[in-house]
Structure formats: structure tokens, C-alpha cells
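# Fold and contact review
In case you want the letters, here they are:
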Amino acid sequence: MNDTPTRVLFVCTHNSARSIMAEALLRQKGGDRFEAHSAGTEVAEVRPLTRRVLSEAGLPNEDLRSKSLDEFADQRFDYVVTVCDSARQACPTFPGEGQRLHWSYEDPSAASGSEAERLDAFRRVFAAIGARIDRFVTEESRGSA
């Protein structure tokens, strides 16, 4: 039995919403079987509504920060998962990269309207990513992700 956790890097353009959500969700749902990271093709600040949605779900997020892909350039990952279409185009390959997956989600930070309407967009994307992470954890446990 292999005790080495499955290493996963989630990539988005700014690493401020979708990839941060995916990182936090995989850490929670995958436990010590996974080592989750996230990065952006560009660096920005983690969106306040991202933090709010994570807090509502009871997920720690104080230590989450926007990171550049450069921080991970020399690391090996079992999976590199792009969560937005523009990151899919710009994401470099990594040495010893395992599988590359693409999960496309709308950008909740592009939502307009009242704060409640924007928060609802973040919640919808968070729920969709959570459902996909559930499937990923199950499939990876069976060896078929």
C-alpha cells in the first residue's frame, strides 16, 4: 500500500476564488490521502467572498493565499487541474506531471449585482466544485480518476 499522498495542483487565472475553493475542499474531503495546492497564472488577493463561503462551510482559510505557478515550477504532481478556461490555455507543464484535468467553472468574481447576488454566485460555484471533488476523491480511491 502506498502511503504517499496524491499531490494535486489546482490552477486558475488569479488564484483568488475557484482554485482556492478547490484546494480547501480537497484538503477537507480528501484528508491525508491528498496533498492539495493551488496557484494562478497571475497573482491576486483571495477574494473576500471566497473566504466568506469557505467560512460558512466551516473550512479553515486564514492561511490560504494567492500563489504564482512559479512557486511550483520544479515540483511533481499526480494531477494538475485547471478550473478555468484561460488557465487551461496558459498552464505550463510540470516535470513528472501526472494527469492533467480540466474542470471549467464560471468565474464568481465576475458576477454583478448586489452583494447577496454576488455571494450567491460564489456559493453556486463552491457547491459545484464540492460535488466534483467528491467524485474525484471517490474515483481516485478506486484508481480511476
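The rules we used
- Residues numbered from 1 in each chain as written.
- Predicted model: local features only at pLDDT ≥ 70, side-chain atom pairs only at ≥ 80, totals over all residues.
- Heavy atoms only, no water.
- Phe/Tyr/Trp six-rings, centres within 6.5 Å; stacked < 30°, edge-to-face > 60°.
- Helix = DSSP H or I, 4+ residues; strand = E, 2+ residues; numbered from the N terminus.
- Buried < 20%, exposed > 50% of the residue type's maximum accessible area, 1.4 Å probe, protein only.
- Pairing = 2+ DSSP bridges.
- Axes fitted to C-alpha atoms, helices over the stretch in contact; angles between N-to-C directions.

## Looking at the packing of aromatic side chains
- With the rule as written, the count across this model stands at five aromatic pairs.
- When the centroid spacing of 5.9 Å and the interplanar angle of 50° are considered together, the rings of Phe10 and Trp103 count as tilted. Pair noted here: Phe10 is in strand β1 (residues 6-12) and Trp103 is in the loop between β4 (99-102) and α4 (115-142), with a separation of 93 residues, a long-range link. The pair formed by Phe10 and Trp103 is uniform in burial state, with each residue classed as buried.
- Ring geometry for Phe72 versus Phe77: centroids 6.0 Å apart, planes at 65°, classification edge-to-face.

## Focus: the sheet that holds strand β3 (residues 79-82)
- Ordered in space as β2-β1-β3-β4, the four strands form an open sheet in which the pairing is parallel. The open sheet is flanked by β2 (34-40) and β4, the only strands paired with a single partner. Neighbouring strand axes in the sheet, compared pairwise and without regard to direction, differ in orientation by 20° on average.
- Bridge analysis of β1 against β3 gives four bridges, and the strand direction is parallel.

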